[in-house]
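# Structural description and commentary
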Amino acid sequence: MPSQTLAVRVAAFADLDARTFHDLLRLRIDVFVVEQTCPYPELDGRDVEPGTRHLWLTRDGDVVAYLRILADPDGVARIGRVVVAPAARGGGLAGRLMTEALAVVGDRPCVLEAQTHLVDFYAGHGFTVSGPGYVEDGIPHTPMRRPA
């Protein structure tokens, strides 16, 4: 099997070319809307905010994992849209993605809305449950926070 090169990319919306943004959205929609059968407005306007950072992993040029870091008005970083392509799951990419994201976040406090079955995964990255669970689009979620 040929070697596969994994690369980390981080960009503001203004620095994304059209093809890259298409590929990032395609992964998000393929998993969150199609695979998880959650019809919701994927384009929520936050991708284009000046403080948003898009972070993704490519393997031999193909997007295999993604998340975005939002700058909430209170100065807290908000991680969301954490996704790994189905064919790339089980290889530690989500952990790599979170490690890279937390390096970008730095010492700012950080929050996320975890799918409840992933609470232990996020706890391994320093997050703790910060409120009651809830159901969104038929999927149980748990708010989590990582202090500064």
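The structure this text deals with has already been given above.
Everything numeric here is computed off the predicted structure, so don't read it as measured data. (Residues numbered from 1 in each chain as written. Predicted model: local features only at pLDDT ≥ 70, side-chain atom pairs only at ≥ 80, totals over all residues. Heavy atoms only, no water.)

### Section: helix α1 (residues 18-35)
To keep things clear, this is the line we draw: Secondary structure elements follow DSSP: runs of H or I of four or more residues count as helices, runs of E of two or more count as strands, with numbering from the N terminus. Helix span, expected: 1.5 Å multiplied by one less than the number of residues in the helix. We define the bend at any residue as the angle between the axes fitted to the seven residues before and including it, ending there, and the seven starting there. Burial classes follow relative accessibility: with a 1.4 Å probe on protein chains only, a residue under 20% of its type's maximum area counts as buried, one over 50% as exposed, and anything between as partly exposed. Only heavy atoms matter for contacts: two residues are in contact if any of them lie within 4.5 Å across the pair. Contacts described as polar in this section are N or O atom pairs within 3.5 Å, which, within protein, must combine one atom able to donate a hydrogen with one able to accept it, while residues neighboring in sequence count only if both atoms come from side chains.
Between the first and last C-alpha of α1 there are 24 Å, a value that for 18 residues agrees with the 26 Å anticipated at 1.5 Å per step. At Ile29, α1 shows its maximal kink, close to 30 degrees. The set of residues buried in α1 consists of Thr20, Phe21, Leu24, Leu25, Leu27, Arg28, Val31 and Phe32. Contact partners of the buried residues in α1: β2 (53-59), β3 (62-71) and β4 (77-84). The residue sitting at the N-terminus of α1 and contributing the capping side-chain oxygen is Asp17; that oxygen lies 3.1 Å from the backbone nitrogen of Arg19.

### Things to note about the environment of Gly80
Among the structural elements, Gly80 can be located in strand β4. Along the backbone, Gly80 and Tyr66 are 14 residues apart, and their C-alpha atoms lie at a distance of 9.3 Å. Not counting the four nearest positions on each side in its chain, Gly80 is found in contact with Leu67 and Arg68.

### Some points on helix α2 (residues 93-105)
Note the threshold: In this context, the arc is that of the directions from the helix axis out to the C-beta atoms.
With 13 residues, α2 should reach 18 Å at 1.5 Å per residue; the first-to-last C-alpha distance of 18 Å fits that figure. Listed as buried for α2 are Leu93, Leu97, Met98, Ala101, Leu102 and Val105. Each buried residue of α2 sits inside an arc of 165 degrees when the element is viewed along its axis, so together they form one side.

### What about the pairing of strand β8 (residues 139-146)?
In summary, the side chains of a regular strand alternate between the two faces of the sheet. For the record, the criterion: DSSP bridges decide pairing: two strands pair if at least two such bridges lie between them.
Across the 8 residues of β8, 6 count as buried, placing the element largely inside the fold. Pairing of strand β5 (residues 110-115) with β8, which is carried by 6 bridges, proceeds in the antiparallel orientation. Looking at the pairing, Val111 lines up with Arg145 of β8. Where strand β7 (residues 134-136) lies against β8, 3 bridges are found, and the strand directions are antiparallel. Each residue of the ladder has a partner; that of Tyr134, found in β8, is His141. Adjacent in sequence and paired antiparallel, β7 and β8 are bridged by 2 residues, among which Asp137 carries a positive phi angle near 55 degrees.

### As for the pattern of salt bridges
Selection rule: Put simply, a salt bridge is a Lys or Arg side-chain nitrogen that is within 4 Å of an Asp or Glu carboxyl oxygen.
Tallied over the entire structure, the rule returns 14 salt bridges. Residue Arg28 pairs with Asp47 through a salt bridge whose shortest N-O separation is 2.9 Å. One end of the pair, Arg28, is in helix α1; the other, Asp47, is in the loop between α1 and β2, with 19 residues separating them in the sequence. What makes Arg28 buried here is its relative accessible area of 0%. Glu113 is paired through a salt bridge with Arg78; the nearest N and O atoms lie 3.4 Å apart. Highlighted residues: Glu113 in strand β5 and Arg78 in strand β4, separated in sequence by 35 residues. Residue classification places Arg78 among the partly exposed residues on the basis of a relative accessible area of 25%. Among the charged side chains, a network of salt bridges with common partners joins Arg28, Glu42, Asp44, Asp47, Arg68 and Arg81.

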